[in-house]
Amino acid sequence: MKSSPAISTPAGQLAPAPVRQAFLLLRTVFTVAPVIFGLDKFTNLLTDWTMYLAPAVTNVVPLPAQTIMYVVGVVEIVAGLTVALKPRFGSLLVAAWLFGIILNLLVLGSFFDVALRDFGLLVGALALNRISPTRRA
């Protein structure tokens, strides 16, 4: 019985080409997208991001919605850069962030299509975590 090369590759070695390509694709997407969306929290060129914020958040955090979006933007930029530099940790950071976005949308009670899309992205971030190379101790 043959074992999968992706499974039998020791930590720290280069993965087979398809796994390496998947890793590069996922790392690129989870670096670029959070940085772009994070920067857009300051310009609102793509959309008015405050419409996605559940009122419960502004009840708990005593800041205007746009100020909260500035904080969200900074977190997203940091998450994207973390994926670029440390994809194994950064992917978990992005997955946790996406989980928070999904919860916010569910509490908001609308944009369920966006919540479902973000769930798919969360699964992709977890896949990136699983195929990210580990460093030898």
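Shown above is the structure to which this text applies.
Residues numbered from 1 in each chain as written. Predicted model: local features only at pLDDT ≥ 70, side-chain atom pairs only at ≥ 80, totals over all residues. Heavy atoms only, no water.

This part takes up the overall build of the protein chain. Counting its regular elements, the protein chain contains six helices and zero strands. Mapped in sequence order, the helices and strands of the protein chain form the string α-α-α-α-α-α. Among the 137 residues that make up the protein chain, the fraction classed as buried is 28%. At a minimum sequence separation of 6, the contacts of the protein chain that also span at least 24 residues come to 65%. Just so you have it, the protein chain exposes about 8,600 Å², and 73% of that area is on carbon and sulfur atoms. (Helix = DSSP H or I, 4+ residues; strand = E, 2+ residues; numbered from the N terminus. Buried < 20%, exposed > 50% of the residue type's maximum accessible area, 1.4 Å probe, protein only. Contact = heavy atoms within 4.5 Å. Areas by Shrake-Rupley, 256 points an atom, 1.4 Å probe, with all protein chains shown as cover.)

Under the counting rule described, the total for this entry stands at two salt bridges. Where glutamate 76 meets lysine 41, a salt bridge forms, and the shortest distance between an N and an O atom there is 2.9 Å. Taken together, the residues span a long stretch of sequence, with glutamate 76 in helix H4 (residues 65–85) and lysine 41 in helix H2 (residues 17–43) at a distance of 35 residues. Classification of glutamate 76 by relative accessible area gives buried; the value is 7%. (Salt bridge = Lys/Arg side-chain N within 4 Å of Asp/Glu carboxyl O.)

A separate point is H4. For the α-helix, the turn length of 3.6 residues means that residues three or four positions removed from each other point alike. Given a rise of 1.5 Å per residue, 21 residues ought to cover 30 Å, and the 30 Å separating the end C-alpha atoms of H4 matches this to within 8%. Those residues of H4 that sit buried are Ile68, Met69, Val72, Gly73, Glu76, Ile77, Ala79, Gly80, Thr82 and Val83. (Expected span 1.5 Å × (residues − 1).)

The next subject is unusual backbone geometry. Despite not being glycine, asparagine 44 shows a phi value in the positive range, around 55 degrees. Mapping asparagine 44 onto the fold places it in the loop between H2 and helix H3 (55–60).

With that settled, consider the packing of aromatic side chains. What the rule picks out here adds up to four aromatic pairs. Considering the side-chain rings of phenylalanine 37 and tryptophan 49, the 5.9 Å spacing of their centres and the 70 degrees angle between planes classify their relative orientation as edge-to-face. In this pair, phenylalanine 37 sits in helix H2 while tryptophan 49 sits in the loop between H2 and H3, placing the two residues twelve residues apart along the sequence. Judged by its relative accessible area of 14%, tryptophan 49 falls in the buried class. (Phe/Tyr/Trp six-rings, centres within 6.5 Å; stacked < 30°, edge-to-face > 60°.)

Position of aspartate 40 relative to the elements: it lies in helix H2. Within the structure, the side chain of aspartate 40 is placed 2.9 Å from the backbone nitrogen of leucine 45, a separation counted as a polar contact. For aspartate 40, the side chain forms a polar contact with the side chain of tryptophan 49, separated by 2.7 Å. If we skip the residues at most four places from it in the chain, aspartate 40 touches Leu45, Leu46, Thr47 and Trp49. (Polar contact = N/O pair within 3.5 Å; in protein donor to acceptor, adjacent residues only side chain to side chain.)

Bringing a nonpolar patch on the surface into the picture now. Taken together, the side chains of Phe42, Tyr70, Val74, Val78, Phe89 and Leu93 present a nonpolar region at the surface, about 530 Å² in accessible area. Of all the secondary-structure elements, those providing two or more residues to the nonpolar patch are H4 and helix H5 (87–108). Inspection of the secondary structure puts leucine 93 in helix H5. Judged by its relative accessible area of 30%, leucine 93 falls in the partly exposed class. (Patch = residues over 30% accessible without salt bridge, like charges linked within 9 Å, V, L, I, M, F, W, Y side chains within 5 Å.)

Glancing now at H5. Along its 22 residues, H5 runs 31 Å from first to last C-alpha, staying within 8% of the 32 Å computed at 1.5 Å per residue. Every buried residue of H5 is listed here: Pro87, Gly90, Ser91, Val94, Ala95, Leu98, Ile102, Asn104 and Leu105. A positive backbone phi angle near 85 degrees is found at glycine 109, which sits one or two residues after H5.

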